[in-house]
Amino acid sequence: MRHTEFWARMEQALGAGYCRVWADQFVMADLGGRTASEALAAGVSPKQVWAAVWQALDLPARER
């Protein structure tokens, strides 16, 4: 997964106006106590970050 696909999925799940705010503020244990933005900046793959987001938001399996 590329960063562009990650952000497109985030916009679909949370809306364009909120997804970046959520990614900057919501801390996830699955990402080592980091936010999605922090994890991406630290080099964690977008696929791994999306998996943590998917679980945190309890999204449907089809959005996995």
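The structure presented is a predicted model; accordingly, all values stated were derived computationally and were not measured.

Reading guide: rules and limits
- Per chain, residue numbering runs from 1 following the sequence as it is written.
- Owing to the predicted nature of the model, reporting of local features is limited to residues with pLDDT of at least 70; listing and counting of side-chain atom pairs is limited to 80 or more, with chain, interface and lining totals taken over all residues.
- The side-chain figures draw on all heavy atoms in the structure; neither hydrogens nor water molecules are used.
- Any Lys or Arg side-chain nitrogen found within 4 Å of a carboxyl oxygen on Asp or Glu counts as a salt bridge.
- Only DSSP runs of H or I covering at least 4 residues are called helices, and only runs of E covering at least 2 are called strands; the numbering of each starts at the N terminus.
- A simple rule labels every residue: compare its accessible area, found with a 1.4 Å probe on the protein chains alone, to the largest value its type can have, and call it buried under 20%, exposed over 50%, or partly exposed in between.
- The contact rule is simple, with two residues in contact once any of their heavy atoms fall within 4.5 Å.
- Given the number of residues in a helix, its expected span is that number minus one, multiplied by 1.5 Å.
- By definition, the arc is the one covered by directions from the helix axis to the C-beta atoms.
- Residues belong to one nonpolar core when they are buried, are Ala, Val, Leu, Ile, Met, Phe, Trp, Tyr or Cys, and are joined through side-chain atoms within 4.5 Å.

Some thoughts on the pattern of salt bridges
Tallied over the full model, the rule gives one salt bridge. One salt bridge in this structure joins Glu 5 and Arg 9, with 2.8 Å as the shortest N-O distance. Here the residue Glu 5 and the residue Arg 9 both occupy positions in helix α1 (residues 3-14), the gap between them amounting to four residues, near one helical turn. According to the relative accessible area criterion, Arg 9 is partly exposed, its value standing at 23%.

Concerning the environment of Phe 6
Along the chain, the position of Phe 6 falls in helix α1. Taking the C-alpha atoms as reference points, Phe 6 and Ser 45, 39 residues apart in sequence, are found 9.8 Å from one another. Beyond its immediate sequence surroundings of up to four residues, Phe 6 is in contact with Met 1, Ala 36, Leu 40, Pro 46, Val 49, Trp 50 and Val 53.

With respect to α1
With twelve residues, α1 extends 16 Å from end C-alpha to end C-alpha; this agrees with the ideal 16 Å at 1.5 Å per step. Every buried residue of α1 is listed here: Phe 6, Trp 7 and Met 10. Down the axis, α1 shows its buried residues gathered within 90 degrees of arc, on one side only. Looking at α1, the residues exposed on the side facing more than 90 degrees away from the buried face are Thr 4 and Gln 12. Looking at the buried side of α1, the elements it contacts are α2 (19-25), α3 (36-41) and α4 (46-57). Once α1 ends, the next one or two residues include Gly 15, with phi positive near 95 degrees.

Brief notes about the nonpolar core
Buried together is how nonpolar side chains tend to be arranged in soluble globular proteins. Grouped together as the largest cluster of nonpolar side chains are 18 residues, with contacts concentrated most on Phe 6, Met 10, Val 49 and Val 53. Of all the elements in the fold, those that place two or more residues in this core are α1, α2, α3 and α4. Ranked by residues supplied to this core, first place goes to α4 with five residues.

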